[in-house]
Structures are given as structure tokens and as C-alpha cells.
Amino acid sequence: MKTLKELFFGKKSAKKNSKKQQFRKAIQADNLQVVKTLVESGANVNWRYRGGMNDANERTYYRPLELARSEAMKTFLLKHGAKSDSEIKREYCDAMDAIRLKEAGICSE
């Protein structure tokens, strides 16, 4: 019996693909069934993938939500807690600001 990896990626490439790569490829292929299976088995809907270099010679990054093409895929990812890179950065900056304000004695919580 073939595994899910073999069915989707083929027998030869099944061993070469990490869960993170499988998840990315399934999203790019718009294969919602495989994405559901991988999320149910623990795939992180907010993994950060490294992209290429931009015009300013800076490394680019992207998240699964930014890879999704269909509305069904985007809806599924959002329902499972997916966020865009800008949302995650904003939350991080808000948290860092709160720490700085607390350390400066400006706010207690």
C-alpha cells in the first residue's frame, strides 16, 4: 500500500522531502486534502520559508498563507491559525514595545 507521501510526491522523492517541504509543495499545488492531512499530523501553518533575494539584495521570506492560491486553501489555513508575515512581525514588535515600556516603568502590564 502506498503512503500519502508516495501518492502525492512519487516514490523516489518521498524520502527527500521534509514535512515542511511537503507542506509547501501541497499548498503550491493547491492540494487541500494533503494540506489537511499534514496539518492534522502537526504541520505548522505559520512556518517561515526562505525565498530568494530581492532588488535590495535582502533575503525574502514567505509563509503558507502567502503561498495559497485558492480561497478554499486560504480559508482552511486561516481557520487553523495561519497569519501573514506582516501580522507576525507586528505582533512581535508590539510585544517588544510592551517589554520596553514595562522595563522603563511606563506601564505595568
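Definitions and limits used
- Residues numbered from 1 in each chain as written.
- Predicted model: local features only at pLDDT ≥ 70, side-chain atom pairs only at ≥ 80, totals over all residues.
- Heavy atoms only, no water.
- Helix = DSSP H or I, 4+ residues; strand = E, 2+ residues; numbered from the N terminus.
- Buried < 20%, exposed > 50% of the residue type's maximum accessible area, 1.4 Å probe, protein only.
- Contact = heavy atoms within 4.5 Å.
- Areas by Shrake-Rupley, 256 points an atom, 1.4 Å probe, with all protein chains shown as cover.
- Polar contact = N/O pair within 3.5 Å; in protein donor to acceptor, adjacent residues only side chain to side chain.
- Core = buried A, V, L, I, M, F, W, Y, C linked by side-chain atoms within 4.5 Å.
- Arc of directions from axis to C-beta.
- Phe/Tyr/Trp six-rings, centres within 6.5 Å; stacked < 30°, edge-to-face > 60°.
- Axes fitted to C-alpha atoms, helices over the stretch in contact; angles between N-to-C directions.
- Parallel < 35°, antiparallel > 145°, perpendicular 65-115°, else oblique.
- Nonpolar A, V, L, I, M, F, W, Y, C, P; charged D, E, K, R; others polar.

What to know about the overall build of the protein chain
Working step 1: Along the backbone of the protein chain there are 7 helices and 2 strands.
Working step 2: Its helices and strands taken in sequence order, the protein chain reads α-α-α-α-β-β-α-α-α from the N to the C terminus.
Working step 3: Looking at the protein chain as a whole, 27% of its 109 residues qualify as buried.
Working step 4: Of all intrachain contacts in the protein chain linking residues separated by at least 6 positions in sequence, the fraction that spans at least 24 positions is 39%.
Working step 5: Surface accessibility of the protein chain: about 7700 Å² in total, with carbon and sulfur atoms responsible for 51%.

Here's the deal with the environment of Glu66
Working step 1: Mapped onto the fold, Glu66 is located in helix 5 (residues 64-67).
Working step 2: Here Glu66 falls in the partly exposed class, since its relative accessible area comes to 41%.
Working step 3: For Glu66 and Lys83, which are 17 residues apart along the polypeptide, the C-alpha to C-alpha distance reads 8.9 Å.
Working step 4: Here the side chain of Glu66 touches Arg63 through a polar contact of 2.8 Å, landing on its backbone nitrogen.

Considerations on the nonpolar core
Working step 1: Formed by 17 residues in total, the largest nonpolar core has its most connected members in Phe23, Ile27, Val35, Val39, Val45, Met73 and Leu77.
Working step 2: At the level of elements, helix 3 (19-28), helix 4 (32-40), helix 5 and helix 6 (71-79) are the ones that each hand at least two residues to this core.
Working step 3: Sort the elements by how many residues they give to this core and helix 4 lands first, with 4 residues.
Working step 4: For Val39, the residues in contact, after removing those within four places along its chain, are Phe23, Val45, Phe76 and His80.

Examining helix 6
Working step 1: Among the residues of helix 6, those classed as buried are Met73, Phe76 and Leu77. Along the long axis of helix 6, the arc covered by the buried residues comes to 95°, so they all point the same way. Among the exposed residues of helix 6, those oriented more than 90 degrees off its buried face are Glu71 and Lys79.
Working step 2: In this structure, the buried residues of helix 6 make contact with helix 3, helix 4 and helix 5.
Working step 3: Phi for Gly81, located one or two positions after helix 6, is positive at around 90°.

Describing the packing of aromatic side chains
Working step 1: According to the stated counting rule, one finds 2 aromatic pairs in the structure shown.
Working step 2: Plain terms: the ring middles of Phe23 and Trp47 are 6.1 Å apart, the flat faces sit at 65° to each other, and that makes the pair edge-to-face. A residue pair is termed long-range when its members are at least 10 positions apart, and Phe23 in helix 3 and Trp47 in the loop between helix 4 and strand 1 (49-53) qualify at 24 residues.
Working step 3: Owing to a relative accessible area of 0%, Phe23 belongs among the buried residues under this scheme.

Details of the packing of helix 4 against helix 6
Working step 1: Contact pair helix 4 / helix 6: the axes reach a minimum separation of 11 Å and the direction vectors enclose 10°. With respect to helix 6, the element helix 4 is oriented roughly parallel. Each of Leu32, Val35, Lys36 and Val39 in helix 4 lies in contact with helix 6, whose residues at this interface are Ala72, Met73, Phe76 and Leu77.
Working step 2: By residue class, the composition of the contact of helix 4 with helix 6 is 7 nonpolar, no polar and 1 charged.

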